[in-house]
Amino acid sequence: MGCSTSALPNSASTTAAPGVGVGVGIGGNGGGPNAPLPPLDANEKDGSLLFCIKLRRSRMRRCSCGAVTLQQQNGDGSTGSATCGDNIMCNQVLLNPQQTKNESDYEKLSTGKKDSIVTVAALGNFTHSVVRRATGTGSTGTSGTSSSGGGRPGHRKSSLALALTPEDEPMDVYTRNLMDLKYPTVLPPNPQLKALLVFHKSDSICEVVTLACQRHQLDVTLVKSKEEALDTLQKSYATAQCYHLIIIDARSTKGLDAEHIARTIRHTHGHHLTTIIAVCKKSFFEKDDALIALLDAGVNRCIAETTNLAMCSVELKQILHSIIRPHNVMSTQQALYTALHRLKEVVLITDDLLRIQYANRATERLLNMRLDEIISKPLADIFVSDLSTISEQGKSIKEFDGILTVRRKNQEGIPMHVRVVPVACIGSAPTHLIFNFDIPGGGMDFIATLPQPKEAPRGSLHSVRRCSFDVRSIASDGLRRTSLAKLTSLPLEAPITKIINLLSQVQENCSADEARLIDKVLEFLKREGLYSPQMKEIRTDDPIATDLIGALLTGPSVYSSRRSSNDSIIRTGNSTRTAIVPAKMKANPIVMELLEESLSWDFDIFKLEEITDYHPLLYLGMEMFRRFDVFATLNIDENVCKAWLAVIEAHYHKSNTYHNSTHAADVMQATGAFITQLTNREMVMDRMDEATALIAAAAHDVDHPGRSSAFLSNSNNPLAILYNDLTVLENHHAAITFKLTLGDDKINIFKNLDKETYKSARSTIIDMILATEMTRHFEHLAKFVSVFGSEVEPRELVQSEEETSILMRRMLIKVADVSNPARPMQYCIEWARRIAEEYFMQTDEEKQRHLPIVMPMFDRATCSIPKSQIGFIEYIIQDMMHAWDSFIDMPQLITCMQINYSQWKKYDEQGVNTLADIMAKQPPVGNKPSNSK
Ligand SMILES: Nc1ncnc2c1ncn2[C@@H]1O[C@@H]2COP(=O)(O)O[C@H]2[C@H]1O
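Residues numbered from 1 in each chain as written. Predicted model: local features only at pLDDT ≥ 70, side-chain atom pairs only at ≥ 80, totals over all residues. Heavy atoms only, no water.

The protein chain is annotated in an unreviewed UniProt entry as 3',5'-cyclic-AMP phosphodiesterase from Drosophila albomicans. Taken verbatim from the UniProt record of the protein chain, the Pathway (unreviewed entry) comment is "Purine metabolism; 3',5'-cyclic AMP degradation; AMP from 3',5'-cyclic AMP: step 1/1." The record in UniProt for the protein chain states the following under Sequence similarities (unreviewed entry): "Belongs to the cyclic nucleotide phosphodiesterase family. PDE8 subfamily." (UniProt positions renumbered as here; feature names shortened; annotations may be inferred.)

A.B. asks: A description of the overall build of the protein chain should follow, citing residues and the corresponding values.
C.D. replies: Looking only at helices and strands, the protein chain has 34 helices and 19 strands in total. The buried share of the protein chain, reckoned over its 933 residues, is 55%. Of all intrachain contacts in the protein chain linking residues separated by at least 6 positions in sequence, the fraction that spans at least 24 positions is 69%. With an accessible surface of roughly 39,600 Å², the protein chain has 54% of that area assigned to carbon and sulfur atoms. (Helix = DSSP H or I, 4+ residues; strand = E, 2+ residues; numbered from the N terminus. Buried < 20%, exposed > 50% of the residue type's maximum accessible area, 1.4 Å probe, protein only. Contact = heavy atoms within 4.5 Å. Areas by Shrake-Rupley, 256 points an atom, 1.4 Å probe, with all protein chains shown as cover.)

A.B. asks: Can you lay out helix α21 (residues 638-650) for me, pointing to particular residues and giving the numbers?
C.D. replies: Along its 13 residues, α21 runs 18 Å from first to last C-alpha, staying within 8% of the 18 Å computed at 1.5 Å per residue. Within the span of α21, buried status applies to V640, C641, K642, A643, W644, L645, A646, V647, I648, E649 and A650. Contact partners of the buried residues in α21: α19 (616-627), α20 (630-634), α22 (661-680), α23 (687-699) and α26 (728-743). Two or three places before N639, at the start of α21, stands the capping residue D637, its side-chain oxygen 2.8 Å from that residue's backbone nitrogen. (Expected span 1.5 Å × (residues − 1). Polar contact = N/O pair within 3.5 Å; in protein donor to acceptor, adjacent residues only side chain to side chain.)

A.B. asks: So what about the packing of aromatic side chains? Which residues, and what values?
C.D. replies: What the rule picks out here adds up to 20 aromatic pairs. Aromatic pair F606 and Y827: ring centres 5.9 Å apart, planes at 45°, arrangement tilted. Taken together, the positions of F606 in helix α18 (residues 605-611) and Y827 in helix α31 (residues 825-848) put the pair 221 residues apart, joining distant regions of the chain. Cluster of aromatic residues (ring-pair linked, three or more members): W601, F674, F784, F788, W884 and F887. Geometry around F711 places R707 over its ring, the cationic atom sitting 5.8 Å from the centre. One Lys or Arg, R834, reaches over the ring of W831 and ends 5.6 Å from the middle of that ring. (Phe/Tyr/Trp six-rings, centres within 6.5 Å; stacked < 30°, edge-to-face > 60°. Lys NZ or Arg CZ within 6 Å of the ring centre and 35° of its normal.)

A.B. asks: Break down the confidence of the model for the protein chain for me, with residues and values.
C.D. replies: Across the protein chain, the average pLDDT comes to 73, with 65% of residues at 70 or higher. Here residues 1-176 is modelled with pLDDT under 50, and outside its nearest four sequence neighbours on either side it reaches 352 contacts, counting other chains as well. Within the model, pLDDT remains below 50 along residues 453-486, and this stretch shows 118 contacts once partners closer than five positions in the same chain are excluded. (pLDDT = per-residue confidence, 0-100.)

A.B. asks: Could you give an account of the UniProt feature "binding site: Zn(2+) 2" (unreviewed entry) in the protein chain, naming the residues involved and the relevant values?
C.D. replies: Listed under "binding site: Zn(2+) 2" (unreviewed entry) in the UniProt record, and renumbered for this structure, are D701. Among the structural elements, D701 can be located in the loop between α23 and α24 (709-714). Residue classification places D701 among the buried positions, given a relative accessible area of 4%. Not counting residues within four places of it along the chain, the set of residues in contact with D701 comprises Y652, H659, H663, H733 and D817.

See below:
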């Protein structure tokens, strides 16, 4: 738990911000404790001083004297406010735009000298009121005499100064400096800055850092361990708070692993703009490796330890200026993008070579094109008019204003009034040109009368830009979906999506009552069951592909009629396997070296299998758990996780050539790689989602008997009886995972979760494991494509954001489960060999026991492995990989898949068919799996 600074020594000395907020603008005030009031400037008349109040919608406002004023927005627009204190002159008064009309309201608030509202100024979207401040004795200069302010008597905080950093600025009061006006940007949010200090002991260095933070009016929380730090961040996330600055003690790795903490924080949702500082030993600065490792882990700056408060304070001040302030400003760009995107006016931005870099939604509508048809195109493609004048003008940094004819898709040109503004982003030559189109007749009505693009995803190329969101917010980020545009071209759109699209369109133009009814209809239509797959017709003359695809995608009923009378029951996994946890697992340097690459797509899982003596899941699992901080998320000891992995691994059958613990480790590895890529794309899953995804991956095939569900049904296996032939294996994998886990306290990784969290984790894990069942493959894929590739907002297609997240997690594990055809070729071939061998063994047993033969073509004597792989890729893998790549942006999946596909085609042409043929061409990777249990 984090301890508040009140527990720290000297925490009381936080009141003043010495030497900051030098008054250089309107109403500037030195702001230091003893700073004199600034001289009157040209704006002052009759002893009055002008200053700015930015009007905001928030209800709680802090007056500069430190008290909080409550603003009540009344229905009629008037504002009822409480004053800040007992007869104290308040030098900020909280106004809304309506209030500015009513000076008397304001006067009522100022119970001392009267301030008055002089004018209202508008800057961008924000309205500012210029307020004439009463001066003279008893005025604001002495407001600090209030006991409510918490400031020293006579001290006036820097609230009226032109603040240099947000922390210098008082809440809700901004003055704009010249740079802001010249290079307009959205002013950053201006909350109380919070610092999280991670020091494992409160020594003199920690004390000095704390004091320096307090000097700069940071709200400090001190924690002593990585777990506490992450816990505090997680809690702050839940309460929509944030830490702007995190300072980690990096002086020794004994107490804290600063590098790991920094990396974890940096990968945690919402922390890409958090400033992370490492306090290092002075000696670290003599050699660069330790510091570079910290910086690579996401630390913004390393500072040397010091017991000198002044030095530390200056260092901190520089950080506030040069990192935190720009980060705060950067964080506001999202608002600008959103505003631009939603603008009814047509805005388009090109680079200096007139290639389109950005187009807002209105541009799509105007041009009747989808974003992927617009972005990166030469501007000349969308104009009939000659553009040479513009480019000439652009080079000499002049604006253009004139009539140009725009070419709509498949239509004749439309003359438009176009204004072009060149902008220089770096250097003085224009790097970008902003195009603003005036619509003839004005307004959006004109655009609405134009035929609209049929399948335009409502997004922009900025989907690829870094956007802050987690999977749950996918629904609210229209931008994100552009890269999914190509999904709509997959032949998988469920008819239901079309219906919802049409109804949503009708809804826009109907009465309120009709709209309500349509809402109800939509609610029904969004229910899960209606997303029956529009299954791709299997058009293949190849009997092997037909066999395989049929067996994978069809339910058990097909086989039930083929049951033979002399079916027997096979024994399924032994639930009392003993797990051997290698005692020295950490000490093996070869394993550790290999695991360094454990998030890479070409990770050698077969080598891991070999060097861990068939314990790849234990080693890989611990590495994944460590990397994704599962121990902290589950609040569980590492040894419990280790024991859990060992038991789960022991319940995978070594005798299976494919469905063994190496496959589980492989799926877990792919899951880790996908989570990392989602994080890179800032589509962050929360920590619990990551943990449950990894657990589901590790356990998703546990106790697999090496035979398919159809085989179990055909052979009256007790599991098939238990689960009524429905999703037999996956139900068993999920059930046995929890049976094993809950059955032994020593491996119960969930034991420290509260009831609700456990319930939700359990449900996620079960859902993910069940999603690996192939009979619902097209259903899952169709829904994923429908929701993430649709032009309709995802939230309009699903019941809830949680459902969106579920769809994503299902696809994640599905792709991980059958990612082997998209792995580097040598691994892909080895997996194909292993699955073929397992299928052959099933066929052998079916023959031997006179059971129906589920895949007759998978006979070791005759089967063509390349043909089976070609079919598998064409019918199962290809569309799914494209869909997933569109979502996650991992082009190597597609590249590998295409290379493998070509290789299988080549083998097929060469007549390289049987396992023996393949082996001759491509010897197995790693050790051959043992065939004995
Ligand atoms: N390379 C492959 N070739 C053929 N079938 C495969 C291949 N990889 C995975 N599968 C099948 O896809 C199924 C996915 O779910 P399972 O792991 O239960 O069982 C898997 C295999 O039956």
